[in-house]
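What the coordinates show
Listed below are the residues making up each chain.
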Amino acid sequence: MSEQIIIERDVPCELRDGTTLYANVYRPNQDGEWPALLTRLPYNKNLPNFSHRYIDPIRIALAGYVVIIQDVRGRFSSEGEFHPFQQEFYDGHDSVEWAASLPYSNGKIGMFGLSYYGFTQLFAAMTNPPSLKALFPAFTGHDVVNGFSHRGGAIELGKLQTWILDSVAPDYLKRKQSDTEYEKTEEILINDLDQILQWHSYTPYEAWPPAKKHSALYDLYVRYMNNNLMENEDQFSIENVNIPGLHLAGWYDCFLNQTIDNYAKIHPQNENQKLIIGPWGHGVFSPFFGERYFGLKASDDQINGQYDLTSLHIEWFNYWLKGTSSDLVDYEAPIQLFVMGDNQWRSEYEWPLNRTNYKPLYVTNEGLDFQHPNETNSFSTYDYDPKDPVPTKGGPTLLMHNVNTGPLDQQSIELRDDVLVFTSEKLQKPLEVTGPVKANIYASSDAINTDFTVKITDVLPDGRSINVTEGIVRATHQHPDFKANQITLFEIDLWATSQVFLQGHAIRIQISSSNFPVYDANPNTGVTLKDTTEIQTAHQTIYHDHEHPSHILLPIIPR
């Protein structure tokens, strides 16, 4: 093969309604027909940081592929009006079949991409385009209504406001304004983005000035805030997808749970699914993340000890689009997990792992214990003031430029009066926790609605307390008949992890009622700060006695 490729810019694709989308195409510089790999994104096909971001399209083209990077409807070079997510079903279907019809395409299409352009893969696949043969969705979901802007009933405020203002607003407004008008708008956007961490605190959220300043953007912001981006989504289902897929996730990614769910829900229809989970955040593939170093095997060129991200894509698509043999597909286990603490990749064959021993770790007066508490009338209290919510420190966040994300030392948070801290004895031997984690918390509040948060940390011998996994629940979301001053059991999904708590370390949990600005602060009044500024302080009680054994349910793996 010639060591050259052809790059064509702004190649047109006409959709069924006459709208034209434009793509950049990378292809081998020789006669022939090739399988095509398509990605569809709203972040500008001409910017390498967004268009292909974590893989090399030139290497893939040299490997014998047509690589197509397309601006979705209403974004950058493409025509039409941008309607996030809901437009990507039929537009994706039409783009796949267009890619199959190109004169240098052999009609076999794969799709790749992360985040929004993981959604575009799965939404296209839900429409069953006949030419789509394989997927590679990374750090993404399939359900905008139930998994994109809310978690446990709380609004994912930081992600929502960051995405609208940083990722959507510039091109969205530029297309609607003259050059002179947009010069002023751009300056306003830059100034507000520079202050976005302060802007997160503005209430009511629905009247958020950085969005409300721009009437064209404001309707989209309000629909997102109200979880109303989708229309007629019910006609499409991931359970109808019957295409091989390699699903890439990160233990600290804001779409971890959804990516695992993608794998689990497609697998019954098509067992040719792979799941790879590394110690990463959203699109961040680094061995040093937050305040932890996971070793060189955690980098994007040592996945499972043998693949960089681009070669992983080539290996996957070679099998499904070219029919070549592949150790990745034929011999390797369907699941590859990076086990933190051990800092090693490991192969698994099912999720959750069949050998899991689910064991409750109970909250007690003394800390955490695997023995069921015998105490009676044992509880701990704190006051939650929405004017001073517990600040976000790390975790599966998606904030401006990936600040404040991943594994960070929690000691400053644990000094607060509104954070209850329970710690186990130091471990005499390593303890592995791999799988979905849940907290069962018995609690009451003098408010008519409130939130409860739980965070698990790994306490190192030097005293650092590094977050591992976390969750939140809004009382009336889980219990619509929730009443003040009534003891209620809350089941809080802490998502999943794979963490070895090493000898000499301890396990710690934090219980509180806020994690801001990742989630909106609950005003404790029965409404939200979306449309009010009224708040009240809530007096919270966490119970941990024989009758009310609050605990975290750990998926322990025998070693």
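For clarity, every value in this text was computed on a predicted model and none was experimentally measured.

The sites that carry the UniProt feature "domain: Xaa-Pro dipeptidyl-peptidase C-terminal" (unreviewed entry) are, in the present numbering, residues 314–553. Taken end to end, residues 314–553 comprises 9% helix and 39% strand; its first and last C-alpha atoms sit 39 Å apart.

With that out of the way, let us pick up the side chain of glutamate 88. Position of glutamate 88 relative to the elements: it lies in helix α3 (residues 88–101). Under the relative-accessibility criterion, glutamate 88 is labelled buried at 0%. Within the structure, glutamate 88 has its side chain in polar contact with the side chain of glutamine 87 (distance 2.9 Å). For glutamate 88, the side chain forms a polar contact with the side chain of tyrosine 116, separated by 2.7 Å. Residue contacts for glutamate 88: discarding those within four places in its chain leaves Arg40, Val72, Phe82, Tyr116, Thr120, Phe123 and Ala124.

The next subject is the side chain of glutamine 510. Its location among the elements puts glutamine 510 in strand β23 (residues 506–512). On the basis of relative accessible area, glutamine 510 is assigned to the buried category, the value being 5%. Within the structure, the side chain of glutamine 510 is placed 3.0 Å from the side chain of glutamate 414, a separation counted as a polar contact. Excluding its chain neighbours within four sequence positions, the residues that come into contact with glutamine 510 are Gln410, Ile413, Glu414, Val419, Leu420, Thr453, Val454, Lys455 and Thr457.

Another aspect to go through is the pattern of salt bridges. For the coordinates displayed, the defined rule picks out 28 salt bridges. Here aspartate 171 and arginine 75 are joined by a salt bridge, their closest N and O atoms 3.8 Å apart. Note that aspartate 171 is positioned in helix α6 (residues 157–174) and arginine 75 in the loop between β4 (66–71) and α3, a separation of 96 residues in sequence. Across the pair, exposure class does not vary: aspartate 171 and arginine 75 are buried alike. Ionic pairing is found between glutamate 432 and arginine 346, a salt bridge with its closest N-O pair at 2.5 Å. Placement of glutamate 432 in strand β19 (residues 431–445) and of arginine 346 in strand β14 (residues 344–348) is noted, with a sequence separation of 86 residues between them. Within the structure, one salt-bridge network assembled from shared partners comprises Asp342, Arg346, Glu348, Arg355, Glu432 and Arg559.

Further remarks concern the pairing of strand β13 (residues 335–339). Among the five residues that make up β13, five are buried, leaving the element largely enclosed by the rest of the structure. Burial along β13 is two-sided: Ile335, Leu337 and Val339 and Gln336 and Phe338, pointing in opposite directions, are all buried. Bridge analysis of β13 against β14 gives five bridges, and the strand direction is antiparallel. Along β14, the bridge assignment pairs phenylalanine 338 with tryptophan 345. Where β13 hands over to β14, the hairpin turn is made up of four residues, of which glycine 341 adopts a positive phi near 95°.

Quick notes on the rules
Residues numbered from 1 in each chain as written. Predicted model: local features only at pLDDT ≥ 70, side-chain atom pairs only at ≥ 80, totals over all residues. Heavy atoms only, no water. UniProt positions renumbered as here; feature names shortened; annotations may be inferred. Helix = DSSP H or I, 4+ residues; strand = E, 2+ residues; numbered from the N terminus. Buried < 20%, exposed > 50% of the residue type's maximum accessible area, 1.4 Å probe, protein only. Polar contact = N/O pair within 3.5 Å; in protein donor to acceptor, adjacent residues only side chain to side chain. Contact = heavy atoms within 4.5 Å. Salt bridge = Lys/Arg side-chain N within 4 Å of Asp/Glu carboxyl O. Pairing = 2+ DSSP bridges.

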